[in-house]
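Read off the chains here:
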Amino acid sequence: MDNVTPNRFNQGVAGSSPYDILLPTWAGEVLTSYDYFNVFETMVSQRSIVSGRELEFPVVGKIAGQEVWDAGEALEGGGGPTNSFKISLDDRPMVSHFELDKIDLLVSQFEYRGEMARQCGQILARMRDSQIGALLVKAAATAQSQAVLDDSGLDSRMGGSVITDSAFDVATDSEAAALRVLKAIEDTRVSWENLDIDPNGSTVIVAPELFHAIRRLGVAETATDLAAGAGRPMFGGVAEAGGLGAGLTKGYRLDESLVYMDTKIVKSNNMPTDNRTSGDANYQVDCSGTAGLMFKPEAVASIRKLGVETTIWDDPRRNTTFVASQMFSGGGVMRPELAIQFKTS
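Small disclaimer: the values here were computed from a predicted structure and weren't measured. (Residues numbered from 1 in each chain as written. Predicted model: local features only at pLDDT ≥ 70, side-chain atom pairs only at ≥ 80, totals over all residues. Heavy atoms only, no water.)

Outline helix α1 (residues 22–37), listing residues and values.
Compared with the 22 Å implied by 1.5 Å per residue over 16 residues, the 23 Å span of α1 between its first and last C-alpha is a close match. Of the positions making up α1, those classed as buried are L22, W26, A27, E29, V30, S33, Y34 and F37. Projected onto a plane normal to the axis of α1, the buried residues spread over an arc of 165 degrees and lie on a single side. In α1, the exposed positions that point more than 90 degrees away from the buried face belong to P24, T32 and Y36. Tucked into the core, α1 has its buried residues touching β4 (94–100), α2 (103–108), α3 (110–140), β10 (300–305), β11 (309–315) and β12 (320–327). (Helix = DSSP H or I, 4+ residues; strand = E, 2+ residues; numbered from the N terminus. Expected span 1.5 Å × (residues − 1). Buried < 20%, exposed > 50% of the residue type's maximum accessible area, 1.4 Å probe, protein only. Arc of directions from axis to C-beta. Contact = heavy atoms within 4.5 Å.)

As structure tokens, then:
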């Protein structure tokens, strides 16, 4: 056995390391996992950067108009793209990492590598969801900078809104909280319509507990609820209830959603609910009491560098292999009037 040399994947290939073939495969698997678990990023204005550190998003002002144009009257003009927002990447990347002592398992065993890639992508997605959620809270808390619908202010920006009501607390009364969310959706759509904002294409994100409280509205909880034919689920696909949702026999996935008045309702356990005082300053905002977020894609922008940068190196001091997957991203508030925070207190 003296002439037997232990072999490692890709070992001995000229000009390569044992991980040259593994790195792009691993990065692709992590990115696939990230895209699957990420909820917030696909629902806002999202762009990718190939080079550089920032992107510009145009600002469109309120176009001027008047009912009567008198002879000899000079029109001043107004509206159009007069400015732009510059959204930059964060100073430092997000990273998921782990250490192991048998790299060959990561190379040759897909079951093992698949689980590690799933967790790495899920961690990155969780952190990114929390960051974008913080941007939406910041947008909702942004004050109006000029008069609403000011025709002369080309860069006029309306502020966001915060709806504060203890009824949003699902722990106190889940049914009341679910109904309060539906009422807040109605109120927000009316408010947007009064500001000439198309409410269609909006999204509401709530915690899983509140989401399922909405989905089970109308489900009988006691025998008396079944009297006189009561107990028709509002979101159970019942024709008498408007056909909302789907039958309760259906098993839902991570990306399940409900639709109410053309507003999509989704769930996420990554919605920020704490006072963020650490991390990148861009995402430091008090999110305490957040029960839900209603917004349109144009409310905030999210940018990220293409792909996932992966590093694998052997640590001779520990006799282990260290694996790190990092991603550069950034974001900012664009149209705060399109972000609404549902808050318990």
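Report on the packing of aromatic side chains, specifying residues and quantitative values.
What the rule picks out here adds up to four aromatic pairs. Judged by centre distance (5.8 Å) and plane angle (65 degrees), the ring pair of W26 and F98 falls under edge-to-face. Here W26 is found in helix α1, whereas its partner F98 is found in strand β4, with 72 residues between them in sequence. Taking relative accessible area as the criterion, F98 reaches 12% and is therefore assigned buried. Taking 5.0 Å as the distance between ring centres and 40 degrees as the angle between the ring planes, the aromatic pair formed by W313 and F322 counts as tilted. For W313, a relative accessible area of 40% translates into the label partly exposed. (Phe/Tyr/Trp six-rings, centres within 6.5 Å; stacked < 30°, edge-to-face > 60°.)

Explain the packing of α1 against α3 residue by residue, including any values.
Describing two packed helices takes the angle between their axes plus the distance from one axis to the other. Packing of α1 against α3 brings their axes to within 7 Å, and their N-to-C directions diverge by 50 degrees. In terms of orientation, α1 lies oblique with respect to α3. Viewed along their axes, α1 and α3 form a crossing whose handedness is right-handed. Between α1 and α3, the contacting residues are L22, T25, W26, E29, V30, S33, Y34 and F37 on the first element and F110, R113, M116, A117, R118, C120, G121, Q122, L124, A125, R128 and D129 on the second. (Axes fitted to C-alpha atoms, helices over the stretch in contact; angles between N-to-C directions. Parallel < 35°, antiparallel > 145°, perpendicular 65-115°, else oblique. Left-handed = near helix turned anticlockwise from the far one by under 90°.)

Can you tell me about the nonpolar core, naming the residues and giving the values?
One finds I265, V300 and F342 to be the most contacted residues of the largest nonpolar core, which totals 50 residues. Secondary-structure elements contributing two or more residues to this core are α3, α4 (174–194), β6 (203–206), α5 (208–215), β7 (257–260), β8 (263–267), β9 (290–295) and β14 (339–343). Excluding residues that lie within four positions of it along the chain, F342 makes contacts with I163, F168, V181, A184, I185, T188, V204, G289, T290, A291, G292 and M294. In terms of nonpolar packing, the next biggest core, distinct from the first, is built from 21 residues, F98, M116, L124 and I312 among them. (Core = buried A, V, L, I, M, F, W, Y, C linked by side-chain atoms within 4.5 Å.)

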